[in-house]
Amino acid sequence: MAEITGDQRVQSEVLEGLATAVNHRRWFIELALPYLGDDPIEIGSGLGDYALEWSERLPRFTATEADPDRLVQLKERLADRPNINVRQMLLPHDDRGDYSAAVSYNVLEHIEDHVGALSSMRDLVRPGGAVIIIVPAFQFAMGPADIATGHVRRYTKKTLGAAMTEAGLTVEKIHYANALGLIGYFMATKVFRLMPKEGPMVKVYDTVVLPATKAAEQLVRPPFGQSVFAVARVPS
């Protein structure tokens, strides 16, 4: 039976804090846009920050959440968006669907059976559609913040690609993102034992460092990063 891992209160505090990282969110929104199609589903929408921005550019969008309390908050926040459907979803499951894509940011690392979760996402998407994933990178960066928020692993391109392939997906694109963010995250959470919450460090990084990092990585893919971004296709 699948379970929701981690301290839900801490997770909500982190989500609320990171909601202020506007430039970071817009970068990751742009990464997924070319692959979403006309009717995607997001797995693990949290407070709905990504769902709100993606839905402005799409005719239909489905947001999901596993935690019952956050699901209530999500429904309340998205109630005035008629093109957004909100439903509860906990992976892995046996549901099938015909969505144009499944997108899931910083969720897979919470799930013990990550291959089963990816298989569930595959089954929600029509043939030829995309499964779009962002996960935290590199096991050496696993620290107190990861454990408190329920992370069971961090990834490399190789381990995420292998999990997607095992789930019956065909990997189309995979790369690291936010190289300087990995250094900052490691220092903040492992050296200084801080949680990634709203504050001066997040604001300075998001307004000063992040735009330069994004511009550089659009020219040259870095050999490491805070996150792994991947797109895989559901076989026809």
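As recorded in an unreviewed UniProt entry, the protein goes by Class I SAM-dependent methyltransferase and comes from Micromonospora tarensis.

> I tried to follow the packing of aromatic side chains on my own but got confused; where do I start?
To describe a pair of aromatic rings, you give the distance between the ring centres and the angle between the ring planes. Applying the stated criterion across every chain yields a total of nine aromatic pairs. A connected cluster of aromatic rings, assembled from ring pairs, spans Trp-27, Phe-28, Tyr-50, Trp-54, Phe-61 and Tyr-105.

> How should the sheet that holds strand 5 (residues 125-136) be read in this particular structure?
Paired through backbone hydrogen bonds, the strands of a sheet run either parallel or antiparallel to each other. Strand order in the open sheet formed by seven strands is 3-2-1-4-5-7-6, and the pairing between neighbours is mixed. Every interior strand has two partners, whereas the edge strands, strand 3 (84-88) and strand 6 (170-177), have only one. Looking at chain direction, strand 1 (residues 41-42) and strand 4 (residues 99-105) are connected through two bridges and run parallel. Paired with Glu-42 across the strands is Val-103, a residue of strand 4. In the packing of helix 5 (residues 114-124) onto the sheet, the strands contacted are strand 1, strand 4 and strand 5, and the crossing angle to strand 5 comes to about 145°.

> Can you walk me through the nonpolar core in this structure?
Leu-108, Leu-118, Met-121, Val-131, Ile-133, Leu-160 and Met-164 are the most contacted members of the largest nonpolar core, which totals 33 residues. Among the secondary structure elements, those contributing two or more residues to this core are strand 4, helix 5, strand 5, helix 7 (157-166) and strand 7 (227-233). Among the elements that line this core, the one with the most residues is helix 5, at five residues. Residue contacts for Ile-133: discarding those within four places in its chain leaves Ser-104, Tyr-105, Leu-108, Leu-118, Met-121, Leu-160, Met-164, Val-228, Phe-229 and Ala-230. One finds Ile-29, Ala-32, Ala-101 and Ala-130 within the second-largest nonpolar core, a separate group that totals 29 residues.

> How should unusual backbone geometry be read in this particular structure?
Most peptide bonds take the trans configuration, and most residues that are not glycine carry a negative phi. Residue Pro-92 is reached from Leu-91 by a cis peptide bond, and omega for that bond is -5°. If you check the backbone angles, Asn-106 has positive phi at about 55° while not being a glycine. Here Asn-106 is to be found in the loop between strand 4 and helix 5. On the basis of relative accessibility, which here comes to 33%, the residue Asn-106 falls in the partly exposed class. Although it is not a glycine, Phe-138 adopts a positive phi angle of roughly 75°. Assignment of secondary structure puts Phe-138 in the loop between strand 5 and helix 6 (144-148).

> How do you make sense of the environment of Tyr-185 when you look at a structure like this?
Residue placement: Tyr-185 occurs in helix 8 (residues 179-191). Residues Tyr-185 and Ala-141 lie 44 residues apart in sequence; the distance between their C-alpha atoms is 7.8 Å.

> Explanation requested: the environment of Leu-108 in the structure shown.
When you line up the elements, Leu-108 lands in the loop between strand 4 and helix 5. Among the residues examined, Leu-108 registers a relative accessible area of 1% and is labelled buried. Taking C-alpha positions, Leu-108 is 8.1 Å from Ile-133, a pair spaced 25 residues apart along the chain. With residues up to four places along the chain from it excluded, the contact list for Leu-108 reads His-114, Ala-117, Leu-118, Met-121, Ile-133, Val-135, Arg-153, Tyr-155 and Leu-160.

> Is there a simple way to explain helix 5 in this structure?
Residues three or four positions apart in an α-helix share a direction because the helix packs 3.6 residues into each turn. Taken across its 11 residues, helix 5 has 10 buried, putting it largely inside the fold. Every buried residue belonging to helix 5 is among His-114, Val-115, Gly-116, Ala-117, Leu-118, Ser-119, Ser-120, Met-121, Asp-123 and Leu-124, and all of these are buried. Contacts from the buried residues of helix 5 go to strand 1, strand 4, strand 5 and helix 7.

> Could you clarify how one ought to interpret the pairing of strand 3 in this entry?
As a general feature of sheets, a regular strand has side chains that alternate between the two faces. Here strand 2 (residues 61-65) pairs with strand 3 via five bridges, running parallel. Across the sheet, the residue bridging to Phe-61 is Ile-84, located in strand 3. Crossover handedness for the path strand 2 to helix 4 (residues 68-77) to strand 3: right-handed.

> Is there a simple way to think about the side chain of Thr-189 in this case?
Note that Thr-189 resides in helix 8. Residue classification places Thr-189 among the buried residues on the basis of a relative accessible area of 1%. A distance of 2.7 Å separates a polar side-chain atom of Thr-189 from the backbone oxygen of Tyr-185.

> Help me out: how do you make sense of the packing of helix 2 (residues 22-32) against helix 9 (residues 200-219) in this one?
Geometry of a packed helix pair, given as the angle between the helix axes and the separation of the axes. Where helix 2 meets helix 9, the closest approach of the two axes is 8 Å, and the angle between their N-to-C directions is 25°. Between helix 2 and helix 9, the interaxial angle falls into the category roughly parallel. Side by side, helix 2 and helix 9 meet where Val-22, Asn-23, His-24, Trp-27 and Glu-30 of the first sit next to Asp-206, Thr-207, Leu-210, Pro-211, Thr-213, Lys-214 and Glu-217 of the second. Considering only residue class, the contact of helix 2 with helix 9 consists of four nonpolar, four polar and four charged.

Analysis parameters
Residues numbered from 1 in each chain as written. Predicted model: local features only at pLDDT ≥ 70, side-chain atom pairs only at ≥ 80, totals over all residues. Heavy atoms only, no water. Phe/Tyr/Trp six-rings, centres within 6.5 Å; stacked < 30°, edge-to-face > 60°. Pairing = 2+ DSSP bridges. Helix = DSSP H or I, 4+ residues; strand = E, 2+ residues; numbered from the N terminus. Contact = heavy atoms within 4.5 Å. Axes fitted to C-alpha atoms, helices over the stretch in contact; angles between N-to-C directions. Core = buried A, V, L, I, M, F, W, Y, C linked by side-chain atoms within 4.5 Å. Buried < 20%, exposed > 50% of the residue type's maximum accessible area, 1.4 Å probe, protein only. Right-handed = clockwise from strand over helix to strand, strands pointing away. Polar contact = N/O pair within 3.5 Å; in protein donor to acceptor, adjacent residues only side chain to side chain. Parallel < 35°, antiparallel > 145°, perpendicular 65-115°, else oblique. Nonpolar A, V, L, I, M, F, W, Y, C, P; charged D, E, K, R; others polar.

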